[in-house]
Amino acid sequence: MLVIASPMVVSHACETLLIFTDRLFLSRLGMVQMSAAMAGGLTSFMLMTFFIGLTGYATALVAQYLGAGRKECCARVLTQALLIALLAAPLIMAARPLIHSLFAHVGIAPEQLASQQVYFDILLYGSILFLLRNALSSFYSGIGRTRIVMLSALTALTINVGANYILIFGHLGFPAMGIRGAAFGTLFGSFCALIVLVFGYLQPGIRLEYGIVSSLRFDRQIMGKLLRFGYPAGLEMFLNLIAFTGMILLFHSHSLTTAAAITIVFNWDMVSFVPLLGIQVGVVSLVGRYMGAGQPLIAQRVALSGLKMAWVYSSVILVLFVGFPTQLVAVFSPTTQDILFSQATPLAVSMLRLAALYVMADGVMLVCSGTLRGAGDTFWAMCISVTMHWLLLPVLYTSLKFLHLPPQVAWLALIFLFLAFSGIFYLRYRKGHWKTLSIVQT
């Protein structure tokens, strides 16, 4: 777990810092720019999520073929994932007018709307970069070579931070581009990260061991497995992000103060949550490998190891959220006096303290769901997760729009629902049905 998951934790931490840096730099220009980047970036990612989840299941499928001793099939899985990514890009772009219409009708303040659309458009044009990166990263995670994924993420982070500093504020002779510069910096960083992954894939060690050249063809059987077991993960991500994006837009439509506060809170929530996805990837990879080898008891030990790692990290976040929320919020203070930030600070501090209630449950949910997915129990994992997110949305809508409750109260209601569904994931894991599943034959 440490060997495979640790580089993935670092990789996801880099992705977190990349997004965090975008919003941190933009907060220096004002709360409105920061909120626009969150809503626009999240919406563009939402459009990619079905295909990211679908091709991301290559991790479990590659791991199972590796565990079954069929290395020649591992690279074929990646080829099918890359084909899906190439076909997905034009479909994602076709949804752009629909999202523009959504932005216009949801009630976003005009000051935020224009910047939000600009950021969304630029990231959407680069969607193919994110899809190809995801497919290649899933292959490396499946075979357990996660260090190159970490190197790719470090490259994206380094390039993005440098490009953002230059393009947002206008240094080294470049004009100050503001939120446009943030979006272009993200795409440039992602392009460089993709080059790292492609270069590693073409090295003689992997090329010969996994038969890369002979794998570059359509494989009906493997494509069928990827679609069959991957679509629940893709559908889950897509439906969840629709609901989550709807939640963010509801908070943003409440007021500019609430928009600024929830953006700050979710920036820090991302720091607590996204690195745990690295542990989940490690769990999916190792559970898939041992299930492919017919060793479910060792797969169960993998889950317990993953849970220990997750709780160690989450306990640190718990201390920060409870003990230092004021200092965490102050990180996003604009360089000049901003009345909106002053108004949002008390709300953000209280909501961040409340977020401490569920940080330990994050680890339980991600490890248990990762175990289910690695074994092939993707349909039930999808049902639990999607139900949770789509219950959160009407609860929030009712709280803010009908009952006119304060944002803190609505936020607390969401937290209690989240805790309940983390328990449901654990019960599904404890039931043990996942131990009896078989995707590939040795």
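Residues numbered from 1 in each chain as written. Predicted model: local features only at pLDDT ≥ 70, side-chain atom pairs only at ≥ 80, totals over all residues. Heavy atoms only, no water.

Draft legend 1. Representation of the overall build of the protein chain within the structure. When helices and strands are tallied, the protein chain shows 19 helices and 0 strands. In terms of C-alpha radius of gyration, the protein chain reaches 21 Å, essentially the compact-globule figure of 22 Å for 442 residues. Along the three orthogonal principal directions, the C-alpha set of the protein chain runs to about 65 × 50 × 35 Å. The contacts in the protein chain between residues at least 6 apart in sequence include a share of 84% that link residues at least 24 apart. Here the protein chain contributes 25 positively and 12 negatively charged side chains, and the mean placements of these two sets differ by 10 Å. (Helix = DSSP H or I, 4+ residues; strand = E, 2+ residues; numbered from the N terminus. Rg over C-alpha atoms; globule rule 2.2 N^0.38 Å. Contact = heavy atoms within 4.5 Å. Lys, Arg positive; Asp, Glu negative; His and termini not counted. Charge placed at Lys NZ, Arg CZ, Asp CG, Glu CD.)

Draft legend 2. A look at the environment of L197. Following the sequence through the fold, L197 ends up in helix α9 (residues 179–201). Between the alpha carbons of L197 and L136 there is a distance of 6.6 Å; along the sequence they are 61 residues apart. The contacts of L197, once residues within four sequence positions are left out, are R133, L136, S137, Y140, I148, V149 and S152.

Draft legend 3. Main features of the nonpolar core. Core analysis: the largest hydrophobic core is formed by 135 residues, its most contacted members being F139 and W411. Residue contributions to this core peak at 18 residues, all from helix α13 (residues 256–292). Not counting chain neighbours up to four residues away, the residues in contact with F139 comprise V62, C74, A75, L78, Y201, I206 and Y210. Of all hydrophobic cores here, the second largest spans 12 residues; its members include A36, I122, I179 and L187. (Core = buried A, V, L, I, M, F, W, Y, C linked by side-chain atoms within 4.5 Å. Buried < 20%, exposed > 50% of the residue type's maximum accessible area, 1.4 Å probe, protein only.)

Draft legend 4. A look at α13. A rise of 1.5 Å per residue sets the reference length of α13, with its 37 residues, at 54 Å; its end C-alpha atoms lie 51 Å apart and thus fit the reference within 8%. Of all bends in α13, the biggest is about 30 degrees, found at M270. Of all 37 residues making up α13, 32 are buried, and the element is well covered by its neighbours. (Expected span 1.5 Å × (residues − 1). Bend = angle between axes of the 7 residues up to and from the residue.)

Draft legend 5. Summary view of the packing of helix α1 (residues 2–27) against helix α2 (residues 31–56). Relative to each other, α1 and α2 sit at 155 degrees, their axes nearing to 7 Å. The angle between the axes of α1 and α2 places the two elements in the roughly antiparallel class. Our pair here, α1 against α2, has a crossing hand that is right-handed. Contacts between α1 and α2 involve R23, L26 and S27 from the first element and M31, Q33, M34, A37 and M38 from the second. The class makeup of the residues in the contact of α1 with α2 is 5 nonpolar, 2 polar and 1 charged. (Axes fitted to C-alpha atoms, helices over the stretch in contact; angles between N-to-C directions. Parallel < 35°, antiparallel > 145°, perpendicular 65-115°, else oblique. Left-handed = near helix turned anticlockwise from the far one by under 90°. Nonpolar A, V, L, I, M, F, W, Y, C, P; charged D, E, K, R; others polar.)

Draft legend 6. Representation of the side chain of H252. Counting through the fold element by element, H252 comes out in helix α12 (residues 220–254). A distance of 3.2 Å separates polar atoms of two side chains, one belonging to H252 and the other to T263. Leave out the neighbours within four places in its chain, and H252 touches S35, M38, A39, I108, Q112, A259, I262 and T263. (Polar contact = N/O pair within 3.5 Å; in protein donor to acceptor, adjacent residues only side chain to side chain.)

Draft legend 7. View of the packing of aromatic side chains. Applying the stated criterion across every chain, the model contains 17 aromatic pairs. For the pair F139 and Y140, a centre-to-centre distance of 5.7 Å together with 65 degrees between the ring planes defines the contact as edge-to-face. Given a relative accessible area of 0%, Y140 falls into the buried group. An aromatic cluster is built from F244, F266, Y358, W411 and F418, whose rings are joined through pairwise contacts. (Phe/Tyr/Trp six-rings, centres within 6.5 Å; stacked < 30°, edge-to-face > 60°.)

Draft legend 8. Broad picture of a nonpolar patch on the surface. On the surface, V316, V319, L320 and F324 cluster together to form a nonpolar patch covering roughly 340 Å² of accessible area. With respect to the secondary-structure elements, V316 resides in helix α14 (residues 296–323). (Patch = residues over 30% accessible without salt bridge, like charges linked within 9 Å, V, L, I, M, F, W, Y side chains within 5 Å. Areas by Shrake-Rupley, 256 points an atom, 1.4 Å probe, with all protein chains shown as cover. Salt bridge = Lys/Arg side-chain N within 4 Å of Asp/Glu carboxyl O.)

Draft legend 9. Seen up close, the side chain of S141. Residue position: S141 is located in helix α7 (residues 127–143). Ignoring anything within four residues of it in the chain, the contact list for S141 reads M8, T59, T146, V149, V281 and S285.

Draft legend 10. Quick peek at the confidence of the model for the protein chain. Of the residues in the protein chain, 99% have a pLDDT of 70 or more, and the chain-wide mean is 84. Within the protein chain, α1 has the poorest average pLDDT of any element, 77, and α9 the best, 91. (pLDDT = per-residue confidence, 0-100.)

Draft legend 11. Structural context of the packing of α7 against α9. Contact geometry for α7 and α9: axes closest at 9 Å, N-to-C directions at 35 degrees. For the pair α7 and α9, the sense of crossing is left-handed. For the pair formed by α7 and α9, the contact residues are L129, F130, L132, R133, L136, S137, F139 and Y140 on the first element and T186, L187, S190, F191, A193, L194, L197, V198, G200 and Y201 on the second. Its residues assigned to classes, the contact of α7 with α9 shows 13 nonpolar, 4 polar and 1 charged.

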